[in-house]
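Coordinate inspection notes
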Amino acid sequence: MNETPQGEGPPDVSIVVVTFDVLPQLRRCLQSIPAALNGLRYELTVVENGYGDGTWEWLVGLEDVQAIRGSPAIGFGSAVNKGLSGAKGRFFLILNPDTLLPPAGVAQLAANMDGDPGIGIVGPKLVRSTGELDRASRRSFPTPVTALTRMLRLDAVFPGKPIFGGYNLLHLDPDRACDVDAVAGAFMFIRSEVFRSLGGFDEGFWMYGEDLDLCYRTHQLGWRVRYAPAVEVLHEKGASSSRRRLKTRYEFYRAMARFYRKHQAPRQKPALNMAVLAAIFALGSAGVGKEIVRYAARLATGSNLDS
C-alpha cells in the first residue's frame, strides 16, 4: 500500500481493485474514486492479473497508486488478499474495475458504518448499463431449494414469491435498505477488523463464491451484512470474465460445490449431499461442455474468441 494516503493523516479507506485486461473500464473506475470519497482519506492499490493489454504500463506511471503485478493464474480472492496485506484504513473497499462510483457514495457508506457499529459489511445497489438491478447486489445464501428454483427459472416466473425468488430476494423492494445474507464482491465495503479477523478471502475459491463465503463467515462472527440502495453503483458486469469464458464457467460450478461442502454439507444427510453434488457436477459438465463447443466453433471460423 502507499505510505502516503490521499490527504493528511492515516487513511479512512483502503481500496483494492483487481483488474484483468480491461483498461478502458479501469480508467473510468479510478477516475470516479476521488469524488466518491468526498474528502475521506484513502489509499489505493491495483492488482494487475492480466495477460497484457497495456494496463501495467499505464499503472506504473500513476502517482498515488500502488500497482502490484499479479498473474492470470491467481484468483480474485488471492489478489484481494495480496492487495490488502499492508492496508492501514479503518475500512476496506473491494472494487471491480468495471464499476463506476457515484459522488460521495463511499463517504455515505462509511457514515452508515460509523452510525451502526453492528454492521460488518455493506454493499450498494449495483445497476447494469441497461438500468436494471444487478441481482447479485443482495442475496440469500444458496440452498438446494433455491438452486433448484433458479435452474427451473421459477424465480423469473414467480419473482414475488419468496420460495422461488428468495436467492436474489426478488420479493423485496430493491430500493429498501435491509440486512441480508450477502452482498456482491464487485463492491464490498467492510470493516478492516472484520476482514482481518476472517483472514481475508478463502483462496480456495478462485473466482465466484468467495464473496458469499466471506459474508457467511462474517455472520458467524456476529456481524451484520447490510444492503444500502441509497448508493447506486454502475456495474458493467462480465467485462473481465468474458475474456476467459471456459475457465470462469468451470470455476462457477466448482465454487458452488465448494460452498456447499464447506458450509451446508456437514448439517445434511449423506444421501442429500450426494444428490446435490451430483447435480452440480452434471450442470457444470453441461456448462463447460457448451463453452468448449463454442470455443471450437469460433476457433474454426476465426471469430473473436472474447465475444
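What counts and what doesn't
- Position labels on residues start from 1 in each chain and follow its written sequence.
- Only residues with pLDDT of at least 70 get local features here, since the model is predicted, and only at 80 or more are side-chain atom pairs given and counted; chain-wide, interface and lining totals rely on the full set of residues.
- Each side-chain value is derived from all of the structure's non-hydrogen atoms; neither hydrogens nor water enter the calculation.
- Secondary structure elements follow DSSP: runs of H or I of four or more residues count as helices, runs of E of two or more count as strands, with numbering from the N terminus.
- In this treatment the radius of gyration is a C-alpha quantity, and the globule benchmark scales as 2.2 Å times the residue count to the 0.38 power.
- The cut-offs for exposure are 20% and 50% of the maximum accessible area for each residue type, with area from a 1.4 Å probe on protein chains only; residues under the lower value are buried, those over the upper are exposed, and the others partly exposed.
- Pairs of residues are marked as contacts when any of their non-hydrogen atoms sit within 4.5 Å.
- With residues, only the protein chains shown are counted as cover, and all accessible areas are computed by Shrake-Rupley using a 1.4 Å probe.
- We call two strands paired when DSSP finds no fewer than two bridges between them.
- Two rings from Phe, Tyr or Trp (for Trp, the six-membered ring) form a pair when their centres are within 6.5 Å of each other. A pair whose planes differ by under 30 degrees is stacked, one over 60 is edge-to-face, and the rest are tilted.
- What counts as a disulfide here is a pair of cysteine sulfur atoms lying within 2.5 Å.
- The length a helix should cover is 1.5 Å for every residue beyond the first.
- Every axis corresponds to a line fitted to the C-alpha atoms, with the helix fit spanning only the stretch in contact, and the corresponding angles, defined between N-to-C directions, vary from 0 to 180 degrees.
- Oblique is the label for every angle not falling under 35 degrees (roughly parallel), over 145 degrees (roughly antiparallel), or within 65 to 115 degrees (roughly perpendicular).
- Whether a crossing is left-handed or right-handed is set by the direction in which the near helix is turned from the far one by less than a right angle, anticlockwise for left-handed and clockwise for right-handed.
- Three classes are used, and their members are as follows: Ala, Val, Leu, Ile, Met, Phe, Trp, Tyr, Cys and Pro are nonpolar, Asp, Glu, Lys and Arg are charged, and the others, Gly among them, are polar.

A closer look at the overall build of the chain
- Looking only at helices and strands, one finds 11 helices and 9 strands in the chain.
- Relative to the globule expectation of 19 Å for 307 residues, the C-alpha radius of gyration of the chain, 19 Å, shows essentially globular dimensions.
- A principal-axis box enclosing the C-alpha atoms of the chain has dimensions of 60 × 50 × 35 Å.
- Counting across all 307 residues of the chain, residues that qualify as buried make up 50%.
- The contacts of the chain with a sequence gap of at least 6 include a subset with a gap of at least 24, amounting to 78%.
- Here the chain has roughly 14,000 Å² of accessible surface; of this, 56% comes from carbon and sulfur atoms.

Section: the pairing of strand β6 (residues 119–127)
- Among the 9 residues in β6, 9 count as buried, and that is most of the element.
- Pairing analysis gives 2 bridges linking β6 to strand β8 (residues 187–191), with the strands arranged antiparallel. Each bridged residue has a counterpart across the sheet, and for Val122 the counterpart in β8 is Phe189.

Re the packing of aromatic side chains
- In the structure shown here, the tally under the stated rule is 10 aromatic pairs.
- Their ring planes at 90° and their centres at 5.8 Å tell us that Tyr216 and Phe259 sit as a pair that is edge-to-face. Separated by 43 residues along the polypeptide, Tyr216 in helix α9 (residues 210–220) and Phe259 in helix α10 (residues 245–264) bring together distant segments of the chain.
- The exposure class of Tyr216 is buried, given its relative accessible area of 14%.
- Taking the relative accessible area as the measure of exposure, Phe259 reaches 3% and is therefore buried.
- Through a chain of ring-to-ring contacts, the aromatic side chains of Phe76, Phe92, Phe195 and Phe201 assemble into a single cluster.

Some details on the state of the cysteines
- Evaluated as defined, the whole model comprises 0 disulfides.
- Distance from the sulfur of Cys29, which forms no disulfide, to the nearest cysteine sulfur (Cys215) is 19 Å.
- Taking the relative accessible area as the measure of exposure, Cys29 reaches 0% and is therefore buried.
- Overall, Cys215 belongs to the buried group, its relative accessible area being 0%.

With respect to helix α11 (residues 270–301)
- With 32 residues, α11 should cover 46 Å at 1.5 Å per step; its first-to-last C-alpha distance of 46 Å lies within 8% of that length.
- Of all the positions in α11, only Asn273, Val276, Ile280, Gly284, Gly287, Val288 and Glu291 are classed as buried.

Here we look at the environment of Leu234
- Mapping Leu234 onto the fold places it in strand β9 (residues 224–235).
- When the C-alpha atoms of Leu234 and Leu299 are compared, they prove to be 33 Å apart, with 65 residues separating the residues in sequence.
- Those residues in contact with Leu234 that sit more than four places away from it in its chain are Asp98, Thr99, Leu100, Val127, Arg128 and Ser129.

Digging into the packing of α9 against α10
- Here α9 crosses α10 at 15°, and the two axes come no closer than 10 Å. Put simply, α9 runs roughly parallel to α10. Crossing of α9 against α10: the hand is right-handed. Between α9 and α10, the contacting residues are Leu212, Asp213, Tyr216 and Arg217 on the first element and Phe259, Lys262 and His263 on the second.
- Classifying every residue of the contact of α9 with α10 by side-chain character gives 3 nonpolar, 1 polar and 3 charged.

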